Amino acid sequence: MPIITYRQALNDTLGEELARDPNVLLMGEEIGKFEGSYKITEGLLAEFGPKRVVDTPIAEEGFVGLATGAAMLGLRPVVEIMTINFILVAIDQVVNHASKIHYMFGGQVRVPLVIRTPSGGIGQLAATHSQSFENWFAYCPGLKVVAPSTPYDAKGLLRAAIRDDDPVIFIESLPLYDTKGEVPENDDYVLPIGKADVKREGTDVTVVAYSRMTVVAMQVAQQLEKEGISVEVVDLRSLRPLDRPTIVESVKKTGRAVIIEEDWRSYGIGAEIAATIQEEAFDYLDAPVLRVAGLEVPLPYAQEMSRAAKPSAQDLVDAIHKVMRGSR
Amino acid sequence: MAKRDQDGASAVAKNGARSFAKEDQEQLRHYYYQMVLLRRFEERTSEMYTKAKIGGYCHLNIGEEATIVGLMAALKPEDYIYTNYREHGYIIARGTDPGPVMAELFGRETGVSGGRGGSMHLFDGSRNFMGGYAIVGGQVPLAVGAAYALKYQGKPGVVLCQLGDATTNIGAWYESLNLAKLWQLPVLFFIVNNGFGMGTSVAEGSSEPDLYKKGASFRIHGERVDGTDPLAVRDAVARLRERAEKEHEPAILDVVSFRFRGHSVIDPDRYRDPEWVKANRATHDPIPHFANALLEQKIVDEDWIKEVADRVEREVQAAIDFADQSPPPKMEDMYRYMYATEVPNTLSAAEQELFETRLKGGR
């Protein structure tokens, strides 16, 4: 099976979907001539032309709303928001409009819209360019939110998102773009939205993660195997709907759970998962559920502080040791 | 407040003495009937609100009947319409039966949005009435997107984006104007300028009180029309609509009328001088004005005017009866329109438990 990057998987999928359905079009800032800030749309303007690959002015509220309205009339826009930080100026269109139009109007109209955007941080992008807001959208009924961690998942979930008739927020990650993985050729597989994936089976502790933190969790799981700790990694893939049964089933098996997320702890995805485990698997727990997350500050620029504010693989190792303590 | 120029001082153009010679008389009678229907529908809506048949926020079109009827007379079936939350009259004048509209206000399953939307979120997909939107400015990018889809798919028609005067102060409007002109989209921005955004007058909220000029820096043509004259509105819309469809030229129409009452049915309107409001109602009421013109030119007689009133009375009562006799949405349909594409795991165990309690009548 060919090994390609996460970026390539996205680029291939966008091209294939443009070729498959004439109502699919891409929109966003700098996605055409500039070929995307992170080159996800490289070559697509040349191949499909300006009708299908549309460079927008810097007007997120305007073009996200425009894409939503176009979706109401049957187009299937795939919007790129350069980073998730910039979606805040479009949030009215996403939360008050795209997410509600199907339900609020009694099912008379659909909004087949995808918004792709990288979340989280890399390097020293500092306070306004390093945030994770996927939980804001996962909070909102009517939206679907997915966050693939591998090239294989990126392809299968992007296909699912584009072919889905509801608005889907598709969460990417800058550090993941260059990661590699196996992706089958000539295989039109689609991954289900609303289903988690057990990326690694284990018996001692469940680590719940998504997007880039799944990669961290997989590395840690491999490392701890040498110590004799068997880690099961549940990759959420989908944040709304959240596949609670898979999480709960795993925790019932292992009796311990650690959740790792890239950003602020309070009111985060981890809080939702911890609450779910407490509600549905309390009697199976051998240790308190722990959350690994970042420091709750506007991310400082200075390299030392910036690094310290983000969760590390070692934090996850420490948390796993903590939940294992006393029961072994 | 920004300094106003001479041009901005004129409020509403005077209703000109218009000759009906070239008009289809049946059409004129229909416009009058529609205006009376909208007026009476809103009066009874207000009454139903005070009887607690209608909840939430409720905004009336009283005083705007000529604006609405003139607009709808110019639009074609293939056109799409996006409005704000003051939209009861728009959906009725577009052709939707008043019964399902009143049923929506009552929150019934037979309502135009299945009882899920209410007064501010009316929708009729079968007539391309693409919704009332209750976040100020929210409908504007959506409408531009609909126009984008029409152009993309090479379909005929235009998109009519209705908005209030105060919406011309929000960012979404400016981003939308830029996109509409940048991409040459078939969209008309129809400003219902009733003089007030809640309690704030146009001049108190907009540095450019001549709202039709607000597209100037986007190279979008704008003009002002007397919103109390249905034929003036119709003709202006028809002309700009044609241009939008054929040449993909967006335009702004500043349609001036007078808001007869408070912002919503629960607004006592304390911020406006009652004498001034009274005087303006008298000079800006489109219905008696149009009736007089029809009578003077012998297109109708007094008996006909009375017949219309009786007919409308019966029709609005029938709408109320329909709403009253309609059932509320079924509780088991709570999640029915949640997603268009079904996906697993949409309900947590805790939510499932709560929902089952509700289904059993638990509160």
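Residues numbered from 1 in each chain as written. Chains lettered and ligands numbered in written order. Predicted model: local features only at pLDDT ≥ 70, side-chain atom pairs only at ≥ 80, totals over all residues. Heavy atoms only, no water.

**Q** I'd like a rundown of the overall build of chain A, residues and numbers included.
**A** Looking only at helices and strands, one finds 12 helices and 14 strands in chain A. Against the compact-globule benchmark of 20 Å for 328 residues, chain A has a radius of gyration of 20 Å, which places it among compact chains. By its C-alpha atoms, chain A is 60 × 45 × 40 Å across when sized along the principal axes. A total of 328 residues make up chain A; the buried ones form 61% of that total. In chain A, the proportion of contacts linking residues at least 24 apart, taken out of those at least 6 apart, comes to 82%. If you sum the accessible surface of chain A, you get close to 12300 Å²; carbon and sulfur atoms cover 52% of it. The positive charge centre, built from 33 side chains, and the negative charge centre, built from 46, are 1 Å apart in chain A. (Helix = DSSP H or I, 4+ residues; strand = E, 2+ residues; numbered from the N terminus. Rg over C-alpha atoms; globule rule 2.2 N^0.38 Å. Buried < 20%, exposed > 50% of the residue type's maximum accessible area, 1.4 Å probe, protein only. Contact = heavy atoms within 4.5 Å. Areas by Shrake-Rupley, 256 points an atom, 1.4 Å probe, with all protein chains shown as cover. Lys, Arg positive; Asp, Glu negative; His and termini not counted. Charge placed at Lys NZ, Arg CZ, Asp CG, Glu CD.)

**Q** Which residues make up the sheet that holds strand β7 (residues 221–226) of chain B, and what values do they have?
**A** All names here are of chain B. Read from one edge of the open sheet, 6 strands run β2-β1-β3-β4-β8-β7, paired in parallel fashion. At either end of the open sheet lies a strand with only one pairing partner, and these are β2 (129–132) and β7. In this sheet, neighbouring strand axes are inclined to one another by 15 degrees on average, regardless of whether the strands run parallel or antiparallel. Of the strand pairs in this sheet, strand β3 (residues 159–164) and strand β4 (residues 187–193) are connected by 6 bridges, and their pairing is parallel. Bridged to Leu163 within β4 is Ile191. In the packing of helix α5 (residues 139–153) onto the sheet, the strands contacted are β1 (80–83), β3 and β4, and the crossing angle to β3 comes to about 170 degrees. Packed on one face of the sheet, helix α6 (residues 171–182) meets β3, β4 and β8 (251–256) and runs near 150 degrees to β4. (Pairing = 2+ DSSP bridges. Axes fitted to C-alpha atoms, helices over the stretch in contact; angles between N-to-C directions.)

**Q** Any chance you could break down the packing of aromatic side chains for me, citing the residues and the numbers?
**A** Here the structure, examined in full by the defined rule, presents 17 aromatic pairs over all chains. Following the ring pairs from residue to residue traces out a cluster consisting of Phe105 of chain A together with Tyr82, Phe123 and Tyr133 of chain B. The ring centre of Phe34 of chain A lies 4.2 Å from the NZ or CZ of Lys39 of chain A, which sits over that ring. Note that Arg311 of chain B overlies the ring of Tyr33 of chain B, its terminal NZ or CZ placed 3.8 Å from the centroid. (Phe/Tyr/Trp six-rings, centres within 6.5 Å; stacked < 30°, edge-to-face > 60°. Lys NZ or Arg CZ within 6 Å of the ring centre and 35° of its normal.)

**Q** Give a detailed account of the side chain of Ser211 of chain A, specifying residues and quantitative values.
**A** The residue Ser211 of chain A is located in the loop between β10 (205–209) and α8 (212–225) in this model. The exposure class of Ser211 of chain A is buried, given its relative accessible area of 6%.

**Q** With reference to specific residues and values, describe the side chain of Asp166 of chain A.
**A** Its place among the elements puts Asp166 of chain A in the loop between α7 (151–163) and β7 (168–173). Looking at Asp166 of chain A, its side chain comes within polar contact range of the side chain of Lys144 of chain A, at 2.7 Å. With residues near it in sequence (within four places) discarded, Asp166 of chain A still touches Val111, Pro112, Leu113 and Lys144 of chain A together with Tyr339, Ala340 and Thr341 of chain B. (Polar contact = N/O pair within 3.5 Å; in protein donor to acceptor, adjacent residues only side chain to side chain.)

**Q** Account for the domain arrangement of chain A, naming residues and giving values.
**A** Residue and element names in this part refer to chain A. Taken domain by domain, chain A consists of domain 1 (3–182) and domain 2 (197–325). Summarising the inter-unit geometry, the C-alpha centres of domain 1 and domain 2 are found 26 Å apart. At the junction of the two partners, domain 1 supplies 31 residues and domain 2 supplies 25 residues. Taken over both partners, the interface formed by domain 1 and domain 2 buries close to 2100 Å², and the fraction arising from carbon and sulfur atoms is 54%. Of all residues in domain 1, the largest losses of buried area upon contact with domain 2 belong to Gln124, Ala147 and Ser149, amounting jointly to 25% of the total for that side. In this structure, the connection of domain 1 to domain 2 is made through 2 salt bridges. Between Asp153 and Arg237 there is a salt bridge; the shortest N-O distance is 3.0 Å. Across the domain 1-domain 2 interface, the total number found is 16 residue pairs in polar contact (both at pLDDT 80 or more). For the side of domain 1 that touches domain 2, the secondary-structure elements that each account for two or more residues are α6 (134–138), β6 (144–146), α7 and β7. Here the residues of the side of domain 1 that touches domain 2 are counted per class, giving 16 nonpolar, 11 polar and 4 charged. (Domains from an automatic or database assignment. Buried area = accessible area lost by both parts, 1.4 Å probe. Salt bridge = Lys/Arg side-chain N within 4 Å of Asp/Glu carboxyl O. Nonpolar A, V, L, I, M, F, W, Y, C, P; charged D, E, K, R; others polar.)

**Q** Outline the interface of chain B and chain A, supporting the account with residue identities and numerical values.
**A** The interface of chain B with chain A comprises 49 residues on the first partner and 57 residues on the second. With both chains or domains summed, chain B and chain A bury close to 4100 Å², and 65% of this area falls on carbon and sulfur atoms. Contact with chain A buries area across many residues of chain B, yet Tyr152, Tyr339 and Asn345 of chain B alone supply 18% of it, more than any other trio. Taken together, chain B and chain A are joined by 0 salt bridges. When contributions to the side of chain B that touches chain A are tallied by element, the ones reaching two or more residues are β1, β2, α5, α6 and α12 (349–359) of chain B. Tallied by class, the residues present in the side of chain B that touches chain A amount to 30 nonpolar, 16 polar and 3 charged.

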